[in-house]
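Chain and residue survey
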Amino acid sequence: MSRVLLVVASALVGLILVGPILPDGPGWARLEAQRGNPQPPRVPRAAAPIDLTGYWVSIVTQDWRWRMVTPRKGDYQGIPMTPEAAKVANAWDPAKDEAAGNQCKSYGAPALMSVPGRIHITWQDDNTLKVETDAGMQTRLLRFGAASTAANTPRTWQGVSQAQWLTPRPNVPLQFRPADRTADTPPPRPTGGSLQVVTRSLRAGYLRKNGVPYSESAVMTEYWDVYKRPNGEEWLTITTQVEDPQYLRTARLVAPIFKKEPDGSKWDPTPCSATW
Amino acid sequence: MRCFRLAVLISCVFAATPASAQLDLTGTWQRVGQNDNGASREPVDLLGMPLSADGRAKALSYDIAALSATERQCQMYPPFYALVGPFPLQFVMVPDPVTQKLLAWKILGWGDRDETMIWMDGRPHPSKNAPHSHGGFTTGAWEGDTLTAVTTHAKLGDIKRHRGFSSDRATLTYRFNRHGDTLTVTGILEDPVYLAEPFVLTEIFRLTTNPNNFPLTACEPIEELPTLHENPALVPHYLPGKHPAMNEVTEQYNIPLEAVVGGPETMYPEYRKKLKDKYVMPPPCTRGCGGPPPAPPAPPAGRGAAPRQ
């Protein structure tokens with residue numbers, strides 16, 4: 001009887017201890033690699049260090065005058081535009097855009113996350129995050145792995161987005177450790193991470209509703225960072241850098257903020273508008 | 001033998017567990033974000049600020065001439081000014097003098113913002129009755145590569161450069177996310193007195209080798225407005241509904257006054273529905289419009305000028 005108890009106890013201890021190096025554990029791939037049997041990496045969905053899925057609402061505490069209403073023509077404050085961009089923007093005619101079917105010009109990826117509204121993030125498949133917006137009813141697909149960069153890739157408002165998880169580095173300079181750690185205490189496992197997204201193949205559009213342009217050459221790099229607070233609130237900051245050699249003197253840098261909502265009850269699909 | 005196997009197993013587990021991740025923040029971080037944090041021409045511009053009724057009343061009673069009173073001239077901005085002020089963030093690592101391990105991060109002060117010492121050694125915040133300072137009391141902790149810091153015990157101060165205030169009961173939570181040479185700071189300000197919901201702002205900084213700053217030095221009050229010295233009891237202010245600049249944003253941008261005075265509902269997308277039928281786009285911008293820098297002047301003509309091609 002005592003032997004049975006010993007075996008059961010050993011098994012339980014083993015399960016607890018070996019958990020981290022089971023096939024889904026973080027140490028498994030390393031151990032297998034050390035044995036000369038490299039394991040296939042986990043799919044991005046399973047490897048996600050942060051959970052972005054759900055409904056998020058944009059919180060407009062910044063640039064209110066340019067986001068919550070259609071700003072007046074010629075108001076370019078804060079945007080490092082080139083003289084060529086100013087010429088284009090000075091010719092802005094929203095009625096003409098609307099008539100030409102270009103009412104989504106200010107809903108392209110470089111501006112979309114700053115448009116007041118809600119976003120719904122889901123996994124389309126194991127390698128693709130889908131970001132839908134109710135404002136403008138747009139869909140961004142953030143694809144992990146190699147993205148198509150062929151010259152004939154069609155240009156769209158949302159372009160081609162290549163995604164990559166950024167996870168915390170395992171090695172830390174000793175002096176950054178704020179507290180002493182005894183030899184028999186394991187160091188805490190790194191948590192969190194962020195999502196890097198690089199978007200190309202964009203169709204030319206507007207950075208600001210009043211016609212401030214970006215060109216087809218624009219490249220956007222984003223970092224998506226989530227903060228889950230002890231009180232249950234979840235916040236999302238999207239650090240956004242847009243580079244455009246044609247229309248920007250330096251990179252356009254903004255970091256829109258979102259707050260997580262419990263469900264989609266406030267989801268309000270609204271088509272693009274060039275005038276409002 | 002069994003004990004030996006168990007020991008090996010434990011060693012494997014620990015070897016397979018990476019260490020906690022942290023980043024170096026040392027250096028000068030130049031403000032490069034292009035948002036309008038703290039920037040406004042009009043004295044009453046509370047757009048998108050989730051002010052409570054008390055917060056709005058406080059903001060609308062404020063007269064910037066109050067800063068000329070002797071006792072207020074050396075009043076500093078609160079910690080939130082790190083997000084809305086114009087200067088770089090200068091991070092210094094403060095090591096423990098004995099172990100040389102990280103004891104705190106210090107964000108150096110500016111001429112009108114006190115330094116922020118982010119204690120990393122797990123010390124608790126003081127009692128709520130402890131003295132408050134302009135810089136407050138801040139503790140920090142790593143979450144992966146992100147530094148999270150919480151500031152309490154700061155004095156009352158303005159959070160949009162004279163256009164809204166936080167009280168001495170406010171709590172500021174910072175998130176420092178470093179991606180390469182870019183640092184994004186997210187600030188979540190909570191205040192049971194002057195805010196109805198958290199006021200959240202972000203700012204983007206870039207590591208620079210040019211520490212162009214406005215250093216924190218001693219402040220000495222002087223006589224700025226003779227009227228305040230002739231009558232020390234005078235506190236410049238505006239009575240309710242009497243702020244002379246109340247309508248400037250509405251006149252300039254056609255934005256309804258109810259939005260100009262802020263409130264939590266004004267920061268949510270659905271507020272646009274309330275604006276849609278009231279807003280008419282104003283005439284094109286003619287002053288302070290931004291845009292590309294003016295073209296350089298034409299080269300001089302005449303003697304001494306470069307020959308024409």
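Look above for the structure.
These remarks concern the structure in this document. Quick caveat, the model's predicted, so the values are computed rather than measured.

A word on the packing of aromatic side chains. Residue and element names in this part refer to chain B. For the structure on display, the rule yields 14 aromatic pairs over all chains. On the numbers, 5.0 Å between centres and 70 degrees between planes, the contact of Y81 with W110 is edge-to-face. Of this pair, Y81 sits in helix α3 (residues 81-84) while W110 is found in the loop between β3 (102-107) and β4 (116-119), placing the two residues 29 residues apart along the sequence. Comparing Y81 with W110, the two get one shared label, buried. Judged by centre distance (5.4 Å) and plane angle (65 degrees), the rings of F87 and W110 are edge-to-face. Here W110 lies in the loop between β3 and β4 and F87 lies in the loop between α3 and β2 (89-95), a separation of 23 residues in the sequence. By relative accessible area, which is 21% here, F87 ends up partly exposed. A residue is classified by how much of its surface remains accessible, and W110, at 0% relative accessible area, is buried.

This paragraph deals with the side chain of R175 of chain B. Along the polypeptide, R175 of chain B turns up in strand β9 (residues 171-179). Note on R175 of chain B: relative accessible area 6%, which makes it buried. At a separation of 3.2 Å, a polar atom in the side chain of R175 of chain B contacts the main-chain carbonyl oxygen of V226 of chain A. Within the local environment of R175 of chain B, its side chain forms a polar contact with the side chain of T148 of chain B, the two groups lying 2.7 Å apart.

The subject of this paragraph is helix α5 (residues 83-90) of chain A. All names here are of chain A. Looking at α5, one finds that the buried residues are A85, A86 and A89. The buried residues of α5 occupy one face: seen down the axis, they fall within an arc of 100 degrees. Opposite the packed face of α5, turned more than 90 degrees from it, sit the exposed residues P83 and K87. Check the buried side of α5 and you find it contacts β8 (212-214).

Moving on to helix α2 (residues 53-61) of chain B. Note that an α-helix has 3.6 residues per turn; residues three or four places apart therefore point the same way. All names here are of chain B. When we look at burial in α2, the residues that qualify are G55, A59 and L60. Buried residues along α2 cover an arc of 125 degrees about the axis, so they all sit on one side. In this structure, α2 carries A53 and D54 as exposed residues pointing more than 90 degrees from its buried face. Residues of α2 that are buried sit in contact with β8 (165-166).

One non-glycine residue with positive phi stands out, namely S201 of chain A, at about 55 degrees. Here S201 of chain A lies in the loop between β6 (194-200) and β7 (205-208). Despite not being glycine, R161 of chain B has its phi angle at roughly 50 degrees, a positive value. Position of R161 of chain B among the secondary structure elements: in the loop between β7 (157-158) and β8.

This brings us to the environment of N231 of chain B. Residue and element names in this part refer to chain B. Mapped onto the elements of the fold, N231 is located in the loop between α4 (226-230) and α5 (248-253). Taking the relative accessible area as the measure of exposure, N231 reaches 36% and is therefore partly exposed. Residues N231 and A57 lie 174 residues apart in sequence; the distance between their C-alpha atoms is 25 Å.

To continue, consider the state of the cysteines. Tallied over the full model, the rule gives three disulfides over all chains. Covalent S-S linkage joins C104 of chain A and C272 of chain A, the inter-sulfur distance amounting to 2.1 Å. Between C104 of chain A and C272 of chain A the disulfide shows an S-S torsion of about 100 degrees. By sign, it is right-handed. Taken together, the positions of C104 of chain A in the loop between α6 (94-99) and α7 (109-112) and C272 of chain A in the segment after β12 (257-261) put the pair 168 residues apart, joining distant regions of the chain. Classification of C272 of chain A as buried rests on a relative accessible area of 12%. Sulfur-sulfur distance for the disulfide between C74 of chain B and C219 of chain B comes to 2.0 Å. Its S-S torsion of approximately -85 degrees makes the covalent link between C74 of chain B and C219 of chain B left-handed. One end of the pair, C74 of chain B, is in the loop between α2 and α3; the other, C219 of chain B, is in the loop between β11 (199-208) and α4, and 145 residues separate them in sequence.

Okay, the pairing of strand β6 (residues 146-152) of chain B next. All names here are of chain B. Within β6, six of the seven residues are buried, leaving the element largely enclosed by the surrounding structure. Relative to β9, β6 runs antiparallel, the two sharing five bridges. Residue pairing across strands places V150 opposite T173, the latter belonging to β9.

Before going further, it helps to examine the pattern of salt bridges. Residue and element names in this part refer to chain A. Per the counting criterion, the structure on display carries 19 salt bridges over all chains. R155 is paired through a salt bridge with E216; the nearest N and O atoms lie 3.3 Å apart. Linking R155 in the loop between β4 (139-144) and β5 (160-166) with E216 in the loop between β8 and β9 (219-228), this pair joins segments that are 61 residues apart in sequence. Overall, the relative accessible area of 39% leaves R155 in the partly exposed class. Using a relative accessible area of 42% as the deciding quantity, one classes E216 as partly exposed.

Residues W64 of chain A together with F80, L89, F91, W105, F176 and I255 of chain B are the most contacted members of the largest nonpolar core, which totals 56 residues. Top element by residues in this core is α3 of chain B. It accounts for four residues. In this view, I255 of chain B contacts W64, R65 and V69 of chain A together with L47, V249, T250, V260 and Y279 of chain B; residues no more than four positions away in its chain are not counted. Core analysis: the second largest hydrophobic core is formed by 27 residues, I119, L129, V197 and W224 of chain A among them.

Cut-offs applied
- Per chain, residue numbering runs from 1 following the sequence as it is written.
- To read the labels, note that chains go from A and ligands from 1, taken in the order they are written.
- Totals for whole chains, interfaces and linings use every residue, but because this is a predicted model, local features are given only for residues with pLDDT of at least 70 and side-chain atom pairs only at 80 or more, for both listing and counting.
- For the side-chain quantities, the full set of heavy atoms in the structure was used; hydrogens and water were omitted.
- When two rings of Phe, Tyr or Trp (its six-membered ring) have centres within 6.5 Å they constitute a pair, described as stacked for plane angles under 30 degrees, edge-to-face for angles over 60, and tilted for the intermediate range.
- Only DSSP runs of H or I reaching four residues or more are called helices, and only runs of E reaching two or more are called strands; each is numbered from the N terminus.
- The cut-offs for exposure are 20% and 50% of the maximum accessible area for each residue type, with area from a 1.4 Å probe on protein chains only; residues under the lower value are buried, those over the upper are exposed, and the others partly exposed.
- A 3.5 Å cut-off defines polar contacts: any pair of N or O atoms within that distance qualifies, except that in protein one atom must be a possible hydrogen donor and the other a possible acceptor, and neighbouring residues in sequence count only when both atoms are side-chain atoms.
- Taken from the helix axis, the directions to the C-beta atoms give the arc we talk about.
- Here, residues are in contact when the closest pair of their heavy atoms is within 4.5 Å.
- Pairs of cysteine sulfur atoms within 2.5 Å are identified as disulfides in what follows.
- By the convention used here, strands pair only if DSSP detects at least 2 bridges between them.
- Throughout this description, the term salt bridge denotes a Lys or Arg side-chain nitrogen within 4 Å of a carboxyl oxygen of Asp or Glu.
- Grouping buried Ala, Val, Leu, Ile, Met, Phe, Trp, Tyr and Cys residues that are joined through side-chain atoms within 4.5 Å yields what is termed a nonpolar core.

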